[in-house]
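Spelled out from the first residue to the last, the chains are:
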Amino acid sequence: MSSGTIPLFPLNVVVFPRVALPLHIFEERYKEMTGNAIRDDSEFGIVLVKENGISNAGCTVKVEKVTQMYEDGRMDILTRGRRRFEVMTLHEEHAWLEADVSFFDDEDLAAVPEALRTETMERYQALRAISSNEGRDEPDLADWQLSFQLAQVLPDLDLLNVLLRLRSEAERLKELNRYLAEYVPRQGAIERMRALAPTNGHGAKPSGL
């Protein structure tokens, strides 16, 4: 397990290894931090903002490309997740946070039961059939940590934060499968209500529309 010191970018988001994350950079301190990362081809860490501070675990990203530069220095960038880490010590010498971190990856490398993988994929495909995935990358189904690819479409940041920390692909898929078992039917009901709303629950639009 390696360690290092990295800049931190606290956000209301969880990113996983090898998953794309577009960002709009507008604060002066993060313009500088991001500019340094682009210049040095280095990583910075994304950590989830919580009510009482920031999460003590996150994932580094690297900038793949700058998609838009603005006259005032703002920029749109595309980043991609790299390495998971735990925060050991925070530093505040710069305008942005830095942290001494310990990097980690899966410790349980046992093969995932095929039945679990198949069931999770079926529930994921059912979700994709009823929900828009516009603006997101297609998941890489060949990724050896498939759970990260599938979880990127979900809105529950607490669940995503749990998945990020787990060090077993089988355990992540179990958590994901349990969540999808409840989430997919609920989301399906919501989508059906949305479809019915413009027609007032009947086959035609209500009068006056």
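In what follows, the structure referred to is the one given above.
Residues numbered from 1 in each chain as written. Predicted model: local features only at pLDDT ≥ 70, side-chain atom pairs only at ≥ 80, totals over all residues. Heavy atoms only, no water.

A.B. asks: Provide a residue-level description of the overall build of the protein, including the pertinent values.
C.D. replies: Assigned secondary structure in the protein consists of 5 helices and 6 strands. Mapped in sequence order, the helices and strands of the protein form the string β-β-α-β-β-β-β-α-α-α-α. Counting only C-alpha atoms, the protein reaches 60 × 50 × 35 Å along its principal axes. For the protein, the residues scored as buried account for 43% of the 209 residues in total. Relative to all contacts within the protein whose residues are 6 or more apart in sequence, the contacts with residues 24 or more apart total 65%. Accessible surface, the protein: about 11700 Å² in total, of which carbon and sulfur atoms supply 50%. Here the protein contributes 25 positive and 35 negative side-chain charges, whose respective centroids are spaced 4 Å apart. (Helix = DSSP H or I, 4+ residues; strand = E, 2+ residues; numbered from the N terminus. Buried < 20%, exposed > 50% of the residue type's maximum accessible area, 1.4 Å probe, protein only. Contact = heavy atoms within 4.5 Å. Areas by Shrake-Rupley, 256 points an atom, 1.4 Å probe, with all protein chains shown as cover. Lys, Arg positive; Asp, Glu negative; His and termini not counted. Charge placed at Lys NZ, Arg CZ, Asp CG, Glu CD.)

A.B. asks: For the side chain of Thr34, give the residues involved together with the corresponding values.
C.D. replies: Looking at the element boundaries, Thr34 is found in helix 1 (residues 28-40). The class for Thr34 is buried, based on a relative accessible area of 0%.

A.B. asks: With reference to specific residues and values, describe the pairing of strand 5 (residues 75-91).
C.D. replies: Relative to strand 5, strand 2 (residues 20-25) is paired through 6 bridges, and the arrangement is antiparallel. By the bridge assignment for strand 5, Leu23 is matched with Ile77. When strand 4 (residues 53-69) meets strand 5, the two strands line up antiparallel, connected through 10 bridges. In the strand pairing of strand 5, Lys65 is matched with Leu78. (Pairing = 2+ DSSP bridges.)

A.B. asks: Give a detailed account of unusual backbone geometry, specifying residues and quantitative values.
C.D. replies: The phi torsion at Arg18 lies on the positive side, around 70°, for a residue other than glycine. On the basis of relative accessibility, which here comes to 32%, the residue Arg18 falls in the partly exposed class. Although it is not a glycine, Asp41 adopts a positive phi angle of roughly 55°. By the element assignment, Asp41 lies in the loop between helix 1 and strand 3 (44-50).

A.B. asks: Got a sec to walk through the nonpolar core? Specific residues and values, please.
C.D. replies: With 41 residues, the main nonpolar core has Phe9, Phe16, Leu23, Phe44, Ile46, Leu154 and Leu176 as its most contacted residues. Here this core gets 6 residues from one element, more than from any other, and that element is helix 5 (residues 169-196). In contact with Leu23, not counting residues within four places along its chain, are Phe9, Leu11, Phe44, Ile46, Met75, Asp76, Ile77 and Thr79. Core analysis: the next-biggest nonpolar cluster, separate from the first, contains 8 residues, Ile6, Leu8, Val47 and Val87 among them. (Core = buried A, V, L, I, M, F, W, Y, C linked by side-chain atoms within 4.5 Å.)

A.B. asks: Kindly report on helix 5, identifying the contributing residues and their values.
C.D. replies: Taking 1.5 Å per residue as the helical rise, helix 5 with its 28 residues ought to reach 40 Å, and the 39 Å between its terminal C-alpha atoms agrees with that figure. Along its length, helix 5 reaches its greatest deviation from straightness, about 30°, at Leu180. Those residues of helix 5 that fall on the buried side of the exposure criterion are Glu169, Ala170, Arg172, Leu173, Leu176, Asn177, Tyr179, Leu180, Tyr183, Val184, Gln187 and Gly188. Residues of helix 5 that are buried make contact with strand 5, helix 2 (114-130), helix 3 (146-151) and helix 4 (157-165). Its side-chain oxygen 3.4 Å from the backbone nitrogen of Ala170, Ser168 forms the N-cap of helix 5. (Expected span 1.5 Å × (residues − 1). Bend = angle between axes of the 7 residues up to and from the residue. Polar contact = N/O pair within 3.5 Å; in protein donor to acceptor, adjacent residues only side chain to side chain.)

A.B. asks: How would you sum up the pattern of salt bridges? Please name residues and give values.
C.D. replies: All told, the structure shown has 17 salt bridges when counted by the stated rule. Among the ionic pairs, Glu28 bridges to Lys31, the shortest N-O distance being 2.8 Å. Of this pair, Glu28 and Lys31 both sit in helix 1, 3 residues apart, roughly one helical turn. By relative accessible area, which is 57% here, Glu28 ends up exposed. Measuring nitrogen to oxygen at the nearest pair gives 3.0 Å for the salt bridge that ties Arg167 to Glu107. In this pair, Arg167 sits in the loop between helix 4 and helix 5 while Glu107 sits in the loop between strand 6 (98-104) and helix 2, placing the two residues 60 residues apart along the sequence. Its relative accessible area of 19% is what places Arg167 among the buried residues. (Salt bridge = Lys/Arg side-chain N within 4 Å of Asp/Glu carboxyl O.)

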